[in-house]
Amino acid sequence: MPPETTAASAQDVIHNIGYRPYTGPRLGRGYARRALWSQSLRGAYGLGRSAKSKVLPMTLLAVMCAPAAIIVAVAITTKMNDLPVEYTRYAILLQAVIGLYLASQAPQAVSRDLRFRTIPLYFSRPIERVDYVLAKYAALASALFLLTAAPLLILYVGALLAKLGFAAQTKAFAQGLVSVALLSLLFAGLGLVVAALTPRRGFGVAAVIAVLTISFGAVSTVQGIAYARDNTDVIGWLGLFSPITLVDGVQTAFLDATSSFPGGNGPGTGAGLVYLLVVLALIAGSYALLMRRYRKAGL
Amino acid sequence: MHHRIYHPTVARLTYRGLLGRRRAAVLFTLPALLLVIAAAVRLLTGADDDTATKVLGGFALATMVPLIGVIAGTGAIGPEIDDGSVVYLLAKPVKRPTIILTKLLVATGVTAVFSAVPTLIAGLILNGNSQRIAVAYTIAAAVASVAYSALFLLLGTVTRHAVVAGLVYALIWESLFGSLVPGARTLSVQQWALSLAERIAAPGAVSSDVGLPVAVVLLAGVTVAATWYAGEKLRKLTLAGEE
């Protein structure tokens, strides 16, 4: 294709060195948003990055799945009538692994863009602030969902292979999936908000884990004291103050889960509604805070 | 040529890096939370030695001290290695072990102040130092912060993922394995510090899985070995690019 020169511009131009504009198809905003989502999701497991950055997320995924595989193997060989661990309880038991994964990958998703000032480059493309925030949020939530749903799938397949009741297992598995989906959305939002505060990756990691462990440590300590004092009403309400106990409360109230609170004193349906509202408010609030954070593209 | 173990300028830079705006926010939030919990528990249940042990042992020593140790220990050197500005420090005629020792002193000081002081105040709020529980946990927190600072400072020189590695030790090893595998408790800074608390507090108030002589030897050994090895690592530091 020859350089596009019209009669009028030919007179103005001193040197026509043959620069050509891009005339191919433009994939547009939706495509850019999808690409950002899929690349961030791949990045959350180290795919497309160096071998060293695959080690941690893949190890954590393996650590997350290994107990499920062991449980299934034991259940099949000893011919149990039911799985020894509920689907809804699994994520609660392995919350430390989920916390570490979130703490290592949430800063990876946002801090580097801030630190190397690539944010203005993103916004020079046809994506808006809302696209960036949504793509990053969705990517981290999907990554967390993969991490938490994979062991449940192993448990479910194992339960079917062990010929445990199909209907009951399917219902419990579906309830478990709803619970980890809610957990993924909640944790991804909180992790991103904290990580987006700082361009320093290491500090982001510490801040995310601090939010998760400190709140859980505080809640379980006070719950333990309330339990020792037979103050069981308070136990149900205390769970409102940490992310993992929020999820525990919601699934106890609505998803047939046994509460992991001391003495199994989870919230009832009424208090469960408050739990659900708080979870939804936190998810919406995280999104709103992220939108606010990226109002100025620079830093 | 005299050999210094403390270099005021390095100390000032480390201190300012640690207590920068956002880091300081976390460092202040944790002790504040401990005090709020202590006050709330005291109001709800009244003074009780068993409750005081639960709050100070379960929250202050098990959760707060390791986290502050990770933030201060890795934060004393990690970010400088991470963004490469450590070369400007290393290019100065200051011995590398001096740099490590100075950073360790600052990290230990920050960890001790932010963990031992609030532990003491929380203990006083909870039961007014009955059975010497408040003082016992305060000394345990101070001793643990020395060992944690040395360990996590070493991690900061060894790996770029020092914070994650430190958290894996503090959360997975000390909390998860420690509660499941009894042997893991022997190799836990928290238990070593607790054995000191056991000695100081009234008999039966605090219990540890490790004997006092073993704990003191291990605490001192880990601190010295970690500091020495961190100095060695810094001596042969190679700067890697961003992965």
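Residues numbered from 1 in each chain as written. Chains lettered and ligands numbered in written order. Predicted model: local features only at pLDDT ≥ 70, side-chain atom pairs only at ≥ 80, totals over all residues.

**Structural notes on the overall build of chain B**
Counting its regular elements, chain B contains 10 helices and 0 strands. When the elements of chain B are put in sequence order from the N terminus, they spell out α-α-α-α-α-α-α-α-α-α. The dimensions of chain B, computed from C-alpha atoms along their principal axes, are 55 × 40 × 35 Å. For chain B, buried positions account for 51% of its 243 residues. Sequence-distant contacts, at least 24 apart, represent 80% of the contacts inside chain B between residues at least 6 apart. (Helix = DSSP H or I, 4+ residues; strand = E, 2+ residues; numbered from the N terminus. Buried ≥ 20, exposed ≤ 12 C-beta atoms within 10 Å, placed from the backbone. Contact = placed C-beta atoms within 7 Å.)

**A short note on the overall build of chain A**
Within chain A one finds 12 helices and 0 strands. Going residue by residue from the N terminus, the α and β elements of chain A occur as α-α-α-α-α-α-α-α-α-α-α-α. Here the C-alpha atoms of chain A give a radius of gyration of 24 Å, more than 25% beyond the 19 Å that 2.2 N^0.38 yields for 299 residues. On the principal axes, the C-alpha backbone points of chain A span a range of 90 × 40 × 35 Å. Considering only intrachain contacts with a sequence separation of at least 6, the fraction spanning at least 24 residues in chain A is 76%. (Rg over C-alpha atoms; globule rule 2.2 N^0.38 Å.)

**Some thoughts on the environment of Val55 of chain B**
Tracing the chain through its elements places Val55 of chain B in helix α3 (residues 49-75). On a C-alpha basis, the gap between Val55 of chain B and Thr119 of chain B in space is 9.7 Å, while along the polypeptide they are 64 residues apart. Not counting chain neighbours up to four residues away, the residues in contact with Val55 of chain B comprise Thr221 of chain A together with Ile37, Ala38, Val41, Ala60, Ala122 and Leu126 of chain B.

**As for the interface of chain B and chain A**
Facing the 31 residues of chain B at the interface are 27 residues of chain A. Elements supplying a minimum of two residues to the side of chain B that touches chain A: α2 (21-45), α3, α4 (78-82) and α8 (162-180) of chain B. By residue number, the principal contributor to the side of chain B that touches chain A is α3 of chain B, which donates 10 residues. Grouping the constituent residues of the side of chain B that touches chain A by class yields 19 nonpolar, 7 polar and 5 charged. (Nonpolar A, V, L, I, M, F, W, Y, C, P; charged D, E, K, R; others polar.)

**A look at the nonpolar core**
Of all hydrophobic cores here, the largest spans 166 residues; its most connected members are Leu140, Leu155, Leu192 and Val208 of chain A together with Ala60 and Ala140 of chain B. Among the elements that take part in this core, helix α7 (residues 133-158) of chain B stands out by supplying 19 residues, more than any other. (Core = buried A, V, L, I, M, F, W, Y, C linked by C-beta atoms within 7 Å.)

**With respect to helix α7 (residues 129-161) of chain A**
Counted at 1.5 Å a residue, the expected span for α7 of chain A with its 33 residues is 48 Å, and the 47 Å between its end C-alpha atoms agrees. Looking one or two residues past α7 of chain A, Lys163 of chain A carries a phi angle of roughly 60 degrees, positive in sign. (Expected span 1.5 Å × (residues − 1).)

**Looking at the packing of helix α3 (residues 51-77) of chain A against helix α5 (residues 95-115) of chain A**
All names here are of chain A. Where α3 contacts α5, the axes come no closer than 10 Å and their chain directions differ by 165 degrees. Classified by the angle between their axes, α3 and α5 sit roughly antiparallel to one another. In the crossing of α3 with α5, the sense of the turn from one axis to the other is left-handed. Of the residues in α5, those touching α3 at Leu56, Pro57, Leu60, Val63 and Met64 are Val97, Leu100, Tyr101, Ser104 and Gln105. (Axes fitted to C-alpha atoms, helices over the stretch in contact; angles between N-to-C directions. Parallel < 35°, antiparallel > 145°, perpendicular 65-115°, else oblique. Left-handed = near helix turned anticlockwise from the far one by under 90°.)

**Thoughts on the packing of helix α11 (residues 243-254) of chain A against helix α12 (residues 269-293) of chain A**
The description of two helices packed together rests on the angle between their axes and the distance between the axes. Residues and elements named next belong to chain A. Axis separation between α11 and α12 bottoms out at 8 Å; the angle between their running directions is 135 degrees. As the angle between them shows, α11 and α12 are arranged oblique. Note that α11 runs across α12; the crossing there is left-handed. Side by side, α11 and α12 meet where Leu246, Gly249, Val250, Thr252, Ala253 and Phe254 of the first sit next to Thr269, Gly272, Tyr275, Leu276, Val278 and Val279 of the second.

**Quick word on the confidence of the model for chain B**
Residues and elements named next belong to chain B. Taken as a whole, chain B shows an average pLDDT of 85; of its residues, 94% reach a score of 70 or greater. Averaged pLDDT values over the elements of chain B bottom out at 77 in α8 and peak at 92 in α7. At the level of chain-chain contacts, confidence expressed as ipTM amounts to 0.72, with global pTM at 0.82. (pLDDT = per-residue confidence, 0-100.)

**With respect to unusual backbone geometry**
For Arg117 of chain A, which is not a glycine, the phi torsion comes out positive at approximately 55 degrees. Mapped onto the fold, Arg117 of chain A is located in the loop between α5 and α6 (119-123). You can call Arg117 of chain A exposed: it has 12 C-beta atoms within 10 Å. For Arg132 of chain B, which is not glycine, the phi torsion reads 55 degrees and is therefore positive. Looking at the element boundaries, Arg132 of chain B is found in the loop between α6 (96-127) and α7.

**With respect to the environment of Ser142 of chain A**
Mapped onto the secondary structure, Ser142 of chain A falls in helix α7. When the C-alpha positions of Ser142 of chain A and Ala44 of chain A are compared, they lie 9.5 Å apart, and in sequence the two are 98 residues distant.

**Focus: α11 of chain A**
Residue and element names in this part refer to chain A. Counted at 1.5 Å a residue, the expected span for α11 with its 12 residues is 16 Å, and the 17 Å between its end C-alpha atoms agrees. When you tally the buried positions in α11, you get 11 out of 12 residues, the bulk of the element. Where α11 is concerned, the buried positions are Pro243, Ile244, Thr245, Leu246, Val247, Asp248, Gly249, Val250, Gln251, Thr252 and Ala253. Against α4 (87-93), α5, α8 (166-195), α9 (201-228) and α12 lie the buried residues of α11. Phi turns positive one or two residues past the end of α11, at Asp256, with a value near 60 degrees.

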